[in-house]
Amino acid sequence: MDFQLDEDQREFRAVLRDFVDREIIPVAREWEQSGRYPTEIVDGMREMGLFGMTIPEEYGGLDLDPVSFALVFEEIARGWMGIAGILGSHSLACRMIAMRGTEEQKRKYLPDLAAGVRRTGIGLTEPDAGTDLQGIRTTATLDGDHYVVNGTKMWITNARYADPLPVLVKTDPGTSPAHKGMSVLLVDSSLEGYRVTKDIPKLGYKGTESCEVVLDNVRVPRENLLGGVEGKGMQHALSALEWGRVNIAARSVGIAQRAHDEAFAYAKQRRAFNQAIADFQAIQLQLGNLSTQVQAARLMAYWAADAVRKGRADGETGMAKIFCSEVALAASIDAMKIHGGYGYSTEYEVERLYRDSILMSIGEGTNDVLRTLVAKSVLRGETAL
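Residues numbered from 1 in each chain as written. Predicted model: local features only at pLDDT ≥ 70, side-chain atom pairs only at ≥ 80, totals over all residues. Heavy atoms only, no water.

A.B. asks: For this particular structure, what's the right way to read the packing of aromatic side chains?
C.D. replies: In this description, an aromatic ring pair is defined by two values, namely the gap between the centres and the angle between the planes. Taken as a whole and judged by the stated rule, the model has 7 aromatic pairs. On the numbers, 4.9 Å between centres and 65° between planes, the contact of Phe69 with Phe73 is edge-to-face. Of this pair, Phe69 and Phe73 both sit in helix α4 (residues 66-79), 4 residues apart, which is roughly one turn of the helix. Here the aromatic rings of Tyr342 and Tyr348 are separated by 5.0 Å at their centres, their planes lie at 35°, and the arrangement is tilted. Through pairs of rings, three or more aromatic residues link up here, namely Phe69, Phe73 and Trp243. Lying over the aromatic face of Tyr161, Arg119 brings its terminal NZ or CZ to 4.1 Å of the ring centre. (Phe/Tyr/Trp six-rings, centres within 6.5 Å; stacked < 30°, edge-to-face > 60°. Helix = DSSP H or I, 4+ residues; strand = E, 2+ residues; numbered from the N terminus. Lys NZ or Arg CZ within 6 Å of the ring centre and 35° of its normal.)

Here it is, written out as structure tokens:
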């Protein structure tokens with residue numbers, strides 16, 4: 001049993017860590033507070049090839065293994081979780097096209113997506129359908145050689161940059177069960193009727209936009225049906241979300257690690273009663289627990305990523321997403337407490353970590369829903385403990 005990264009993974013992590021320390025951490029708080037879009041950071045990630053991390057090498061991508069994929073999100077989120085979101089939705093959509101698309105769709109989109117010339121996201125959530133994807137209302141009606149798409153999508157990351165945006169639709173709304181009538185269409189954001197109607201105000205997860213997208217009689221060419229076959233949309237979405245849970249688990253580890261680093265640095269620097277507060281046993285108890293939880297979360301995230309490498313891993317990725325997201329929230333709160341009053345100030349990093357951590361228990365499936373998924377996976381014998 002080996003709990004170590006291999007040499008390539010360690011070198012890759014070192015490159016990522018250097019980029020985050022140089023290009024993200026020095027500007028994250030200022031840009032987050034001002035609402036500035038991180039154009040220069042996006043350009044840097046493009047130069048590193050990170051937009052192609054889930055795209056096969058034959059189409060110009062990096063084709064990262066799942067653990068290296070997790071390392072990207074851990075390190076980027078350590079600097080600024082919102083930036084990781086730009087890569088997150090893009091990488092899931094790219095994987096979906098790479099795994100499920102027709103050869104023509106792969107050739108058309110993947111090389112430019114890998115190079116960052118194109119960017120993308122994923123259009124699943126709606127105003128009345130989040131966790132319950134079968135409850136979506138967006139429809140796509142075939143009219144000659146085009147689908148006519150109508151509906152509204154919410155919380156769409158990269159909405160203004162998506163080219164194309166994979167959108168989950170109902171191509172046969174009357175089918176039962178509903179998932180058999182669902183498909184994914186690759187929708188070009190330049191098409192008439194595609195409108196980004198608003199940015200959703202958020203507590204955290206800033207740096208990337210989260211938008212409402214309205215599709216009003218958008219005519220999408222029939223050849224943009226992902227995989228060329230109707231009724232496979234739910235399968236496409238769920239296969240992407242499995243990697244998405246690794247993404248969220250790893251982002252959570254990045255947040256927790258940064259909270260850990262900030263707490264330790266402050267505890268060694270802050271003095272009370274003529275000594276550093278790190279010398280007080282009460283603070284040491286908190287720091288020791290924080291270190292233990294962060295390392296446990298990291299191992300859980302890597303374990304789940306490795307499980308994905310071997311095949312379907314609903315149970316493992318669900319466990320990791322639940323555990324890591326809850327560690328991220330607890331770690332950020334503990335770091336705020338160690339900072340005392342300064343932890344509540346926007347002049348310090350930890351309040352942002354707290355705001356960003358809350359989303360981790362919601363994104364890619366709420367933790368309570370994932371607990372039922374884990375239980376079912378264990379009951380079916382798919383996840384062995």
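A.B. asks: Explain the pairing of strand β4 (residues 182-187) to me, please; I cannot follow it from the model alone.
C.D. replies: Within a regular strand, the side chains alternate between the two sheet faces. Taking burial as the measure, the 6 residues of β4 include 6 buried ones, the bulk of the element. Residues Met182, Val184 and Leu186 line one face of β4 and the alternating positions Ser183, Leu185 and Val187 line the opposite face, and both faces are buried. Looking at chain direction, strand β3 (residues 165-170) and β4 are connected through 6 bridges and run antiparallel. By the bridge assignment, Leu165 is partnered in β4 with Val187. (Buried < 20%, exposed > 50% of the residue type's maximum accessible area, 1.4 Å probe, protein only. Pairing = 2+ DSSP bridges.)

A.B. asks: Honestly, helix α7 (residues 233-269) in this entry has me stumped. Any pointers?
C.D. replies: Taking 1.5 Å as the rise per residue, α7 with 37 residues should run 54 Å; its terminal C-alpha atoms sit 53 Å apart, in good agreement. Considering bend angle alone, the principal kink of α7 is centred on Glu242 and spans about 25°. The element α7 is extensively covered by neighbouring structure, given that 29 of its 37 residues are classed as buried. (Expected span 1.5 Å × (residues − 1). Bend = angle between axes of the 7 residues up to and from the residue.)

A.B. asks: Looking at this model, I keep getting lost on the pairing of strand β6 (residues 210-221). Mind explaining?
C.D. replies: Bridge count for strand β2 (residues 146-157) against β6 is 9 bridges, and the pairing is antiparallel. Its bridge partner being in β6, Tyr147 is matched across the sheet by Val220. Relative to β6, strand β5 (residues 194-199) runs antiparallel, the two being bridged by 5 bridges. Looking across to β6, one finds that Asp199 is bridged to Cys211.

A.B. asks: Could you clarify how one ought to interpret the state of the cysteines in this entry?
C.D. replies: Where two cysteines share a covalent bond between their sulfur atoms, that bond is called a disulfide. For the structure on display, the rule yields 0 disulfides. Cysteine Cys94 is unpaired, with the sulfur of Cys211 as its nearest cysteine sulfur at 18 Å. A residue is classified by how much of its surface remains accessible, and Cys211, at 0% relative accessible area, is buried. (Disulfide = S-S within 2.5 Å.)

A.B. asks: Looking at this model, I keep getting lost on unusual backbone geometry. Mind explaining?
C.D. replies: Where the residue is not glycine, phi is negative for most of them; where a peptide bond is considered, it is trans in most cases. Note the cis peptide between Asp163 and Pro164, where omega equals 10°. Of note, the amide linkage connecting Ser176 to Pro177 takes the cis form, showing an omega dihedral of -5°. Unusually for a residue other than glycine, Phe273 sits at a positive phi of about 55°. Relative to the assigned elements, Phe273 resides in the loop between β7 (271-272) and β8 (275-276). Here the phi dihedral of Glu364 falls at roughly 60°; this positive angle occurs in a residue that is not glycine.

A.B. asks: Explain the pattern of salt bridges here, please?
C.D. replies: When their charged atoms lie close together, side chains carrying opposite charge are able to pair. Considering all chains together, one arrives at 30 salt bridges under this definition. For Asp306, the salt bridge identified is with Lys310, shortest N-O distance 3.4 Å. Here Asp306 and its partner Lys310 are both found in helix α8 (residues 281-310), 4 residues apart, which amounts to about one turn of the helix. In this structure, the salt-bridge partner of Asp368 is Arg371, at a minimum N-O distance of 3.1 Å. Of this pair, Asp368 and Arg371 both sit in helix α11 (residues 367-379), 3 residues apart, which is roughly one turn of the helix. Taking the relative accessible area as the measure of exposure, Asp368 reaches 57% and is therefore exposed. On the basis of relative accessible area, Arg371 is assigned to the partly exposed category, the value being 37%. If you follow the salt bridges from partner to partner, you end up with Arg29, Arg258, Glu262, Glu349 and Arg352 in one network. (Salt bridge = Lys/Arg side-chain N within 4 Å of Asp/Glu carboxyl O.)

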